[in-house]
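Per-entry structural report
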Amino acid sequence: MDLTQDFTLLLTLSVSCLIFYLSLKKLWCHDNLPPGPTPLPLLGNVLKIGRGDIVNSLMKLSEKYGNVFTIYLGSRPVVVVTGYKYVKEIYIDNGDDYLNRGEMPAWKPFYKNYGIVFTTNIERWKDLRRFSVSCLRDFGVGKRSIEVRIQEESCCLVEELKKTQESFIDPHQCISRAVCNIIFSIMFGTRHEYEDKDIDTVVSCIYDSFVIVSSAWGQVYEMFPGLMGFIPGRHQEISHLLSKLNQYVDNRVQINLKTLDPNNPRDYVDAFLIKMEKEKSNSQSEFNMKNLLASTLQIFFAGVETTGTTLAYSLLILLKYPDVIAKVYEEIDHVIGRNRSPTIQDKNYMPYTEAMIHEMQRFTDLLPMGVPRKTVKEVKLKGYTIPKDTTIFPMLTSVLKDPTCFKYPTEFNPENFLNEKGEFQKNNAFMPLAAGKRTCLGESLVRMELFLILTTILQNFNLKSPVPVEELDITPNVSGLGNFPKPFKIAFIPR
Ligand code: HEM
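Definitions and limits used
- Residues numbered from 1 in each chain as written.
- Predicted model: local features only at pLDDT ≥ 70, side-chain atom pairs only at ≥ 80, totals over all residues.
- Heavy atoms only, no water.
- Pairing = 2+ DSSP bridges.
- Helix = DSSP H or I, 4+ residues; strand = E, 2+ residues; numbered from the N terminus.
- Expected span 1.5 Å × (residues − 1).
- Buried < 20%, exposed > 50% of the residue type's maximum accessible area, 1.4 Å probe, protein only.
- Near = heavy atom within 4 Å.
- Polar contact = N/O pair within 3.5 Å; in protein donor to acceptor, adjacent residues only side chain to side chain.
- Axes fitted to C-alpha atoms, helices over the stretch in contact; angles between N-to-C directions.
- Parallel < 35°, antiparallel > 145°, perpendicular 65-115°, else oblique.
- Contact = heavy atoms within 4.5 Å.
- Nonpolar A, V, L, I, M, F, W, Y, C, P; charged D, E, K, R; others polar.
- Donors = N, O, S within 2.8 Å, 3.2 Å for Na, K, Ca; no water.
- Left-handed = near helix turned anticlockwise from the far one by under 90°.
- Salt bridge = Lys/Arg side-chain N within 4 Å of Asp/Glu carboxyl O.
- Arc of directions from axis to C-beta.
- 1 Å grid on protein atoms, 1.4 Å probe; cavity = no way out; pocket = protein on both sides within 12 Å on 5 of 7 lines; lining within 4 Å.
- Points joined across faces, edges and corners; volume = space filled by probe spheres on them.
- Core = buried A, V, L, I, M, F, W, Y, C linked by side-chain atoms within 4.5 Å.
- Patch = residues over 30% accessible without salt bridge, like charges linked within 9 Å, V, L, I, M, F, W, Y side chains within 5 Å.
- Areas by Shrake-Rupley, 256 points an atom, 1.4 Å probe, with all protein chains shown as cover.

Quick notes on the sheet that holds strand β4 (residues 373-374)
Taken together, the 5 strands give an open sheet; going across it, the order is β1-β2-β7-β4-β3, and neighbouring strands pair in mixed fashion. Looking at strand neighbours, the two that pair on one side only are β1 (68-73) and β3 (100-101), the edges of this open sheet. In this structure, strand β2 (residues 76-81) lies alongside strand β7 (residues 391-394), joined through 4 bridges in parallel fashion. Within β7, the residue paired with Val81 across the bridge is Pro394.

Topic: helix α18 (residues 443-460)
Owing to its 3.6 residues per turn, the α-helix brings residues three or four apart onto one side. Its 18 residues place the ends of α18 26 Å apart at the C-alpha level, agreeing with the 26 Å of an ideal helix rising 1.5 Å per residue. The buried fraction of α18 is high, at 14 of 18 residues.

Some points on the site of the ligand
With respect to spatial proximity, 25 residues lie near the ligand, and among them Arg101, Trp125, Arg129, Arg438 and Cys440 are the closest. Between Arg438 and the ligand, the recorded distance is 2.7 Å, taken from a side-chain N or O atom to an oxygen atom. Broken down by secondary-structure element, the contributors of at least two residues to the shell around the ligand are α6 (122-138) and α14 (289-320). Ranked by residues supplied to the shell around the ligand, first place goes to α14 with 6 residues.

Considering the packing of helix α9 (residues 197-214) against α14
Between α9 and α14, the shortest axis-to-axis distance is 10 Å and the interhelical angle comes to 80 degrees. With respect to α14, the element α9 is oriented roughly perpendicular. In contact with Val203, Ile206, Tyr207, Ser209 and Phe210 of α9, α14 contributes Phe300, Phe301, Val304, Glu305 and Thr306. Broken down by class, the residue content of the contact of α9 with α14 amounts to 7 nonpolar, 2 polar and 1 charged.

Brief notes about the coordination of the iron atom of the ligand
On the protein, Cys440 (SG) is the one donor atom to the iron atom of the ligand, at 2.3 Å. Summarising the element assignment, Cys440 is placed in the loop between α17 (396-400) and α18.

Considering the packing of helix α12 (residues 237-258) against α14
Angle between the axes and distance between the axes are the two parameters that describe a pair of packed helices. At a minimum axis distance of 10 Å, the contact between α12 and α14 shows a crossing angle of 115 degrees. Note that α12 runs across α14; the crossing there is right-handed. The segment α12 lies against α14, with Leu242, Leu245, Asn246, Val249, Asp250 and Val253 engaging Met289, Leu292, Leu293, Thr296, Leu297 and Phe301.

Some points on the side chain of Ser465
Relative to the helices and strands, Ser465 resides in the loop between β8 (461-464) and β9 (476-479). Accessibility expressed as a relative area gives 17% for Ser465, which makes it buried. Other than its neighbours up to four places away in sequence, Ser465 contacts Phe168, Leu319 and Leu472.

Observations regarding the environment of Asp267
Relative to the helices and strands, Asp267 resides in the loop between α12 and α13 (268-278). For the pair Asp267 and Glu330, spaced 63 residues apart in sequence, the C-alpha to C-alpha distance is 39 Å. Beyond its immediate chain neighbours, meaning those up to four positions away, Asp267 contacts Phe139, Ser185, Ile186, Met187, Phe188, Gly189 and Asn256. Within the local environment of Asp267, its side chain forms a polar contact with the backbone nitrogen of Val269, the two atoms lying 3.3 Å apart. Among the polar contacts made by the side chain of Asp267, one reaches the main-chain amide nitrogen of Asp270 at a distance of 2.9 Å.

Some words on the pattern of salt bridges
Counted according to the given criterion, the structure contains 29 salt bridges. For Lys126, the salt bridge goes to Glu123, with nearest N and O atoms at 3.8 Å. Of this pair, Lys126 and Glu123 both sit in helix α6, 3 residues apart, which is roughly one turn of that helix. The class for Lys126 is partly exposed, based on a relative accessible area of 34%. Accessibility expressed as a relative area gives 49% for Glu123, which makes it partly exposed. Put simply, Glu160 and Lys163 hold a salt bridge, and the shortest N to O gap is 3.2 Å. Judged by its relative accessible area of 15%, Glu160 falls in the buried class.

Points about helix α3 (residues 54-65)
Between its terminal C-alpha atoms α3 stretches 16 Å, which fits the 16 Å expected from 12 residues at 1.5 Å a residue. Among the residues of α3, those classed as buried are Ile54, Val55, Ser57, Leu58, Leu61 and Ser62. Each buried residue of α3 lies within a common arc of 160 degrees when the element is viewed along its axis, so the set occupies one face. Exposed residues pointing more than 90 degrees away from the buried face of α3 are listed as Lys60, Glu63 and Lys64. Phi for Gly66, located one or two positions after α3, is positive at around 95 degrees.

Some remarks on empty space enclosed by the protein
Counted according to the given criterion, the structure contains 3 cavities of 30 Å³ or more. Reported here for the largest cavity is a volume of approximately 850 Å³. If you go around the largest cavity, you meet 44 residues; those closest to its centre are Ala302, Thr306, Leu367, Cys440 and Leu441. Among the secondary structure elements, those contributing two or more residues to the lining of the largest cavity are α6, α8 (172-187), α14, α16 (351-364) and α18. In terms of residue count, the dominant contributor to the lining of the largest cavity is α14 (8 residues). Residue composition of the lining of the largest cavity, by class: 28 nonpolar, 10 polar and 6 charged. Considering the residues around the second largest cavity, the lining is formed by Ile54, Leu73, Met104, Val213, Gln219, Glu222, Met223, Met369, Gly370, Pro372, Phe393 and Leu481. In terms of residue count, the dominant contributor to the lining of the second largest cavity is helix α10 (residues 216-223) (3 residues). Its residues assigned to classes, the lining of the second largest cavity shows 9 nonpolar, 2 polar and 1 charged.

Focus: the nonpolar core
Counting residues in each nonpolar core, the largest one holds 150 residues, and the members touching the most others are Leu58, Trp107 and Leu463. Take this core: its biggest share by element is 16 residues, from α14.

Details of a nonpolar patch on the surface
A cluster of nonpolar residues, Leu40, Leu42, Leu43 and Leu47, forms a patch on the protein surface that exposes about 400 Å² of accessible area. Looking at the element boundaries, Leu47 is found in helix α2 (residues 46-49).

And the structure:
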């Protein structure tokens, strides 16, 4: 090797070291952020959290770094918040400071920052949220009219389950169709038969995209959205699935548009179209076609799979706990009987069932990392200064399983919501739908759906497992943005 070669090698090495040092410095320059595992340049903390098990990895890191720490998804810092005390600070105590939605790269190229759930434009969110809350109320959510609608759909579901003639089936599809129909009626004023092709497409696309985003592929995509765009894998299906859903919503909106009577809005889409017309001379208005399509699709998305999976997962867990289901049957027979549909009023006389449904939501822990939030200004949290626009993961799992808040944090036990007298007992750490001003928009709908659908199923059927109860595995199959059960089958035996 001559002197020139030696010099070139030395120069290359020095430049590489300099680039490496500068990128490390860039990563570590957020010196006010809470401490966390040391990130690698460009890769961030992929070695600690990139193995497809992000929820458990983050909970492990919190044992080492405490309730508030920083991780790097690629080069993007995210502050992870665990435990009731600090998550409550994000949602409620200082809720206004954390109202914005955090970055979610998997959805971003598709929604392009429109729509109520995923927009990171706080003013846009405020307008769409205010409108959607009052619109859902106008179309019956939280009132007697939606109760009747859920009762009717529950009866359709029972008929559908009877058709299976006691064979072993995966209940998820049927249940999600029932839930989808309830949201359809609010958004488009109609429902579909269970064998209809459209409802099949909608339910399957929502389920598949939710599972992919939650899977290992989705988790890596969240860390390296730019790079993963060029790499083949399941994450590539997300935008195809969302396009199909968008096409469906677009067609439905066109139907509403053609049949619209401005004096007689029939559903959410009509109300949005009327608002668009009223504000058409305001170029700054958020009531435009892009926000209509995105909000409608996002409300669907947020409402169908979450409730459908919670209900299906609940049936699996009830199979595993025959003593719990026996007590629920006893209450149903005593309070409702077999000859009429359950009503929301019945809940007041069914403390065990009410406790069981709360425990289902706590234990299934459907969105373990919450949905990311973002700081709207520089904030102080646990003594650290966190800059404006920092993404926050409020770890709902850490609250729902906080040992300082629940008697049996890791096991399924309705006693978590009962006092010594057997009465239902509220718990402030029960926040599977988040809390505060940006809590789940469907909160009152979810409460009604879970109670009415679950009690109607149990009023009509005994559940039978194809395998011995001890062999039933109730741990999640996929755990990321969402917790999904392993595939399972149940036979519905008429009572
Ligand atoms: C068991 C069922 C459900 C669960 C576990 C659930 C959970 C959640 C959670 C954790 C959030 C994030 C709140 C935040 O921190 O920003 C959320 C938001 C949301 N949910 Fe639900 N949800 C459920 C059902 C529904 C239903 C039935 C609807 C339909 C109306 C719905 C509509 C929404 C919407 C629109 C948002 C976004 C709210 C906003 O950004 O202002 N959800 N949900």
